[in-house]
Amino acid sequence: MEHIKIFIKNMVCDRCKRVVEQELTKLGYSVQQVELGEAELEANTINLEDVRQVLAVNGFELLDDRKVLLIEQVKLAVIELIHQQGEAGMHLNMSDYLAKKLGIDYHTLSTLFSATEGVTIEKYVILQRIEKVKELLVYNELSLKEIAYELGYSSVAHLSNQFKKVTGLTASHFKEIKTSKRKTIDKVID
């Protein structure tokens, strides 16, 4: 039987993968594999409109355009590196990592991302790192020094300066007000 791969926007966590798998199964498809941003189905035919509707109800979007798909792959690679791989991923060169992971030279990725999203990949990485800092501050399990190290900042001062520049708040003030200023990781540039 033929396998069909579909690409999905706004999948950012394991819960997203479970929801997509459940919804596609409810539609009657035999789901072979679900990864961030994509699902592989065993099917001869697929009703894309039904899939599009069920995904939309759950906050996802079916991707058709190659450029949009590539932008989504960049976002997912950054999210995966920052939010799921932790400390090990923070010490990689982001441009080399993205070029290798996506098989496209970084200049092409960067130009397309900036033109489409209105921010550079570097700015997107910073925004994702700051969201991770916010998450860790809310949990209150690590010191600012430990957070800085875990997220690959050169110093607490660098993290603090970047945090203040992005949020307008100091890290200690953010800890006081906590979750009212957090964003979902798929909405950092919206």
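Residues numbered from 1 in each chain as written. Predicted model: local features only at pLDDT ≥ 70, side-chain atom pairs only at ≥ 80, totals over all residues. Heavy atoms only, no water.

Q: Sorry, what's going on with the pairing of strand β2 (residues 30–35) here?
A: For a regular strand, side chains alternate in direction, first toward one face of the sheet and then toward the other. One ladder, built from five bridges, connects β2 with strand β3 (residues 38–42); its direction is antiparallel. Its bridge partner being in β3, Gln33 is matched across the sheet by Glu40. Count of turn residues in the β2/β3 antiparallel hairpin: two residues, of which Gly37 carries a positive phi of about 85°. (Pairing = 2+ DSSP bridges. Helix = DSSP H or I, 4+ residues; strand = E, 2+ residues; numbered from the N terminus.)

Q: Even after reading the chapter, I still don't get the sheet that holds strand β4 (residues 61–63), so can you show me in this structure?
A: Sheet architecture is open: four strands sit in the order β2-β3-β1-β4, paired in antiparallel fashion. Two strands bound the open sheet, and with one partner strand each, they are β2 and β4. Here the strands of the sheet are splayed against their neighbours by 35° on average, with no regard to which way each runs. Examined bridge by bridge, strand β1 (residues 3–9) and β3 share five bridges and lie antiparallel to one another. (Axes fitted to C-alpha atoms, helices over the stretch in contact; angles between N-to-C directions.)

Q: When you look at the nonpolar core in this model, what are you seeing that I'm missing?
A: Generally speaking, a soluble globular protein has its nonpolar side chains buried in company with each other. In this structure, Ile6, Val20 and Leu98 are the most contacted members of the largest nonpolar core, which totals 44 residues. Leu136, Val138, Phe163 and Ala171 belong to the second largest nonpolar core, which has 14 residues in total. (Core = buried A, V, L, I, M, F, W, Y, C linked by side-chain atoms within 4.5 Å. Buried < 20%, exposed > 50% of the residue type's maximum accessible area, 1.4 Å probe, protein only.)

Q: Looking at this structure, I do not really get the packing of helix α7 (residues 121–139) against helix α9 (residues 156–167). What am I missing?
A: Two quantities define a packed helix pair, namely the angle between the axes and the distance from one axis to the other. Running from N to C, α7 and α9 point in directions that differ by 105°, and their axes come no closer than 10 Å. Between α7 and α9, the angle is such that the two are roughly perpendicular. When α7 is examined against α9, the residues Lys123, Ile126, Leu127, Ile130, Val133, Lys134 and Leu137 are found in contact with a partner set consisting of Leu159, Gln162, Phe163, Val166 and Thr167. Looking at the contact of α7 with α9 residue by residue, the classes come out as eight nonpolar, two polar and two charged. (Parallel < 35°, antiparallel > 145°, perpendicular 65-115°, else oblique. Contact = heavy atoms within 4.5 Å. Nonpolar A, V, L, I, M, F, W, Y, C, P; charged D, E, K, R; others polar.)

Q: Where do I start with the environment of Val34 in this structure?
A: Tracing the sequence through the fold places Val34 in strand β2. What makes Val34 buried here is its relative accessible area of 11%. For the pair Val34 and Met94, spaced 60 residues apart in sequence, the C-alpha separation works out to 25 Å. Leave out the neighbours within four places in its chain, and Val34 touches Met11, Lys17, Val20, Glu21 and Ala39.

Q: Sorry, what's going on with unusual backbone geometry here?
A: Note: most residues except glycine have negative phi, and most peptide bonds are trans. A positive phi angle is found at Asn10, which is not glycine, with a value near 80°. With respect to the element layout, Asn10 can be found in the loop between β1 and α1 (14–26). Its relative accessible area of 14% is what places Asn10 among the buried residues. With a phi close to 60°, Asn140 is a non-glycine residue in the positive phi region.

Q: What is the right way to read the pattern of salt bridges from this model?
A: Between side chains of opposite charge, a pair can form as their charged atoms come close. One pass over the structure, following the stated rule, counts nine salt bridges. With a closest N to O distance of 3.2 Å, Arg52 and Asp64 form a salt bridge. Here Asp64 lies in the loop between β4 and α3 (66–84) and Arg52 lies in helix α2 (residues 48–57), a separation of twelve residues in the sequence. Of the charged contacts, one joins Glu131 and Lys134 as a salt bridge, the two residues approaching to 2.8 Å between their closest N and O atoms. With Glu131 and Lys134 both in helix α7 and three residues apart, this pair spans about one turn of that helix. Comparing Glu131 with Lys134 shows no difference in burial state: the two are buried. Ionic contacts of the salt-bridge type, sharing partners, join the residues Glu49, Arg52 and Asp64 into one network. (Salt bridge = Lys/Arg side-chain N within 4 Å of Asp/Glu carboxyl O.)

Q: Can you walk me through the side chain of Lys132 in this structure?
A: For Lys132, the position within the fold is in helix α7. The class for Lys132 is buried, based on a relative accessible area of 10%. Setting aside residues no more than four positions away along its own chain, Lys132 makes contact with Ile82, His83 and Leu151.

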